[in-house]
Structure formats: C-alpha cells, structure tokens
Amino acid sequence: MTEANQAGARSASIARKTNETDIKLSFGIDGTGISEISTGVPFLNHMLDLFAKHGQFDLNVDADGDIDIDDHHTVEDIGICLGGTLLESLGDKRGIKRYASVFVPMDEALAQVIIDISGRPHFEYRAEYPSNLVGTFSTEMVHEFLWKFALESRITLHVIVHYGRNTHHMIEAVFKALGRALDEATSIDPRVTGVPSTKGVL
C-alpha cells in the first residue's frame, strides 16, 4: 500500500509483497539526488541511481525478488512501485509545468524523453540496441520497466533512442533523460494557477 505524502512534502513510500517480489520503495520529488538502491539486479541499480541523481530525486529501493528465475518480476514490480509513488507524490498536480522534452547524449548515443503528466497512461518506445544483453541484464527489461512506470504513474511517456553503438551508453542516456525530463515536468511554475489543463483536472 502507498503511504500518502505528509505535511505538503511531495514524497511517498510503498511496500509491495507478492509471491515473486518483496519491495520497499520511497520517492521524493523535491530531493537532492540521494539514492540507496538494492534490487539484486546490478545494472538496474546503476540505472536507478542515475535516474535519481540527474532528476534530483530522493530514492530508496530495497527489493528482494526471484532473480534466480530471471530479472523480469523484480524489474517490472519496481517500475510499478516507482510509478505509484510518483502519482502519490504529485498530489493534485497544482502548479506543475506538466510537459518536458529532454535530449541527453552519452558519448556516441543520443536519447530523448518526452513527458506529459496527463493523467492518461500511454507509452511509446523507439529503441534498437546492438546487443540483447548488458552483462546479464536483458535489454527487453527496459521496455518492461518504463511501460509499468508510465502506467502506474498515469503519465504519457515517449522514449526515443536516436542512435548509438554501445548498448550500455544508449540505455544510460535513456535513464538520465528520464530523470531530467521528469524533474522539469514536475517542477512548480509560479505562473500556473491551479492545474495546467483547461479541463481543470489532471
């Protein structure tokens, strides 16, 4: 269950336990980029650390999953938990910028992430990687994580890897761009009264 944000702080935490995973996760939008990540999936640890650092989010993840089978359930469920805490942290979304589009290079690779905090979950993904694995991490898990994150946070998320030769660099650029785009979209614009929608709700 998600624990609601308190005293106006844009943060939330969740504990989610299934027969496949046991996850405790806390997320703060207005943080300083400090993270403590333990997922049992080393490459995911690295990517989540980059996401937090470049988005200036505070993120703690303690996950125990059935990685003896494969990484799928752990990666998917962390995406679910992170999305849920983002949604909770945003509250009524008053004053946010809502949109962001960010390009991030990583050496020869270039990734773009576009976000609309719309209340309508949608995910578009355009990426072709030279390798199916980074170490033991399957690149198809990137799609799984991002899709579940977008679904549970109820955002529209477009991810485009324009080019690259090194699979690690390409995925790293995606997670850095995700952090920076989400930081921008969730930031408060003092010119915005209420929520940034003609509907009056997001």
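Residues numbered from 1 in each chain as written. Predicted model: local features only at pLDDT ≥ 70, side-chain atom pairs only at ≥ 80, totals over all residues. Heavy atoms only, no water.

Visitor: What's the story with the nonpolar core in this structure? I'm lost.
Guide: The tendency in soluble globular proteins is for nonpolar side chains to be buried side by side. Leu25, Phe27, Leu59, Ile115, Leu146 and Leu157 are the most contacted members of the largest nonpolar core, which totals 61 residues. Per-element tally for this core: the top contributor is helix 4 (residues 167–186), with ten residues. Apart from residues no more than four positions distant in its own chain, Phe27 is found in contact with Arg10, Ser11, Ala12, Phe51, Phe57, Asp58, Leu59, Leu82, Thr85, Leu86, Ser89 and Leu182. (Core = buried A, V, L, I, M, F, W, Y, C linked by side-chain atoms within 4.5 Å. Buried < 20%, exposed > 50% of the residue type's maximum accessible area, 1.4 Å probe, protein only. Helix = DSSP H or I, 4+ residues; strand = E, 2+ residues; numbered from the N terminus. Contact = heavy atoms within 4.5 Å.)

Visitor: Whenever I open this one, the packing of aromatic side chains confuses me. Can you help?
Guide: Any pair of aromatic rings gets described here by the distance separating the centres and the angle formed by the planes. For the structure on display, the rule yields eight aromatic pairs. Each ring, one from Phe27 and one from Phe51, has its centre 6.5 Å from the other, and the planes form 20 degrees; the classification is stacked. Taken as a pair, Phe27 in strand 3 (residues 21–28) and Phe51 in helix 1 (residues 42–55) lie far apart in primary sequence, 24 residues in all. Given the relative accessible area of 2%, Phe27 is considered buried. A residue is classified by how much of its surface remains accessible, and Phe51, at 1% relative accessible area, is buried. Pairing Phe27 with Phe57 gives two aromatic rings, centres 5.1 Å apart and planes at 50 degrees, and the pair type is tilted. Of this pair, Phe27 sits in strand 3 while Phe57 is found in the loop between helix 1 and strand 5 (58–65), placing the two residues 30 residues apart along the sequence. Cluster of aromatic residues (ring-pair linked, three or more members): Phe27, Phe51 and Phe57. (Phe/Tyr/Trp six-rings, centres within 6.5 Å; stacked < 30°, edge-to-face > 60°.)

Visitor: Would you mind going over the environment of Val192 with me for this structure?
Guide: Inspection of the secondary structure puts Val192 in the segment after helix 4. According to the relative accessible area criterion, Val192 is partly exposed, its value standing at 25%. Considered as a pair, Val192 and Ser89 are 103 residues apart in the sequence and their alpha carbons are 19 Å apart. If near-sequence neighbours (up to four positions away) are discounted, Val192 is found in contact with Gly95 and Ile96.

Visitor: Can you walk me through the side chain of Glu108 in this structure?
Guide: Position of Glu108 relative to the elements: it lies in the loop between strand 6 (99–106) and strand 7 (109–116). No salt bridge is formed by the buried Glu108. Its closest oppositely charged neighbour is Arg165, at 5.0 Å. At 2.8 Å, the side chain of Glu108 forms a polar contact with the side chain of His169. Beyond its immediate sequence surroundings of up to four residues, Glu108 is in contact with Tyr163, Gly164, Arg165, Asn166 and His169. (Lys, Arg positive; Asp, Glu negative; His and termini not counted. Salt bridge = Lys/Arg side-chain N within 4 Å of Asp/Glu carboxyl O. Polar contact = N/O pair within 3.5 Å; in protein donor to acceptor, adjacent residues only side chain to side chain.)

Visitor: Sorry if this is basic, but what is going on with the environment of Ala12 here?
Guide: Summarising the element assignment, Ala12 is placed in strand 2 (residues 11–17). Among the residues examined, Ala12 registers a relative accessible area of 7% and is labelled buried.

Visitor: Sorry if this is basic, but what is going on with helix 2 (residues 72–90) here?
Guide: Residues that lie three or four places apart on an α-helix share one face, since the helix turns once every 3.6 residues. Taking 1.5 Å per residue as the helical rise, helix 2 with its 19 residues ought to reach 27 Å, and the 27 Å between its terminal C-alpha atoms agrees with that figure. For helix 2, the buried fraction is high: 16 of the 19 residues fall into the buried class. Of the residues flanking the end of helix 2, it is Gly91, one or two places downstream, whose phi is positive at about 60 degrees. (Expected span 1.5 Å × (residues − 1).)

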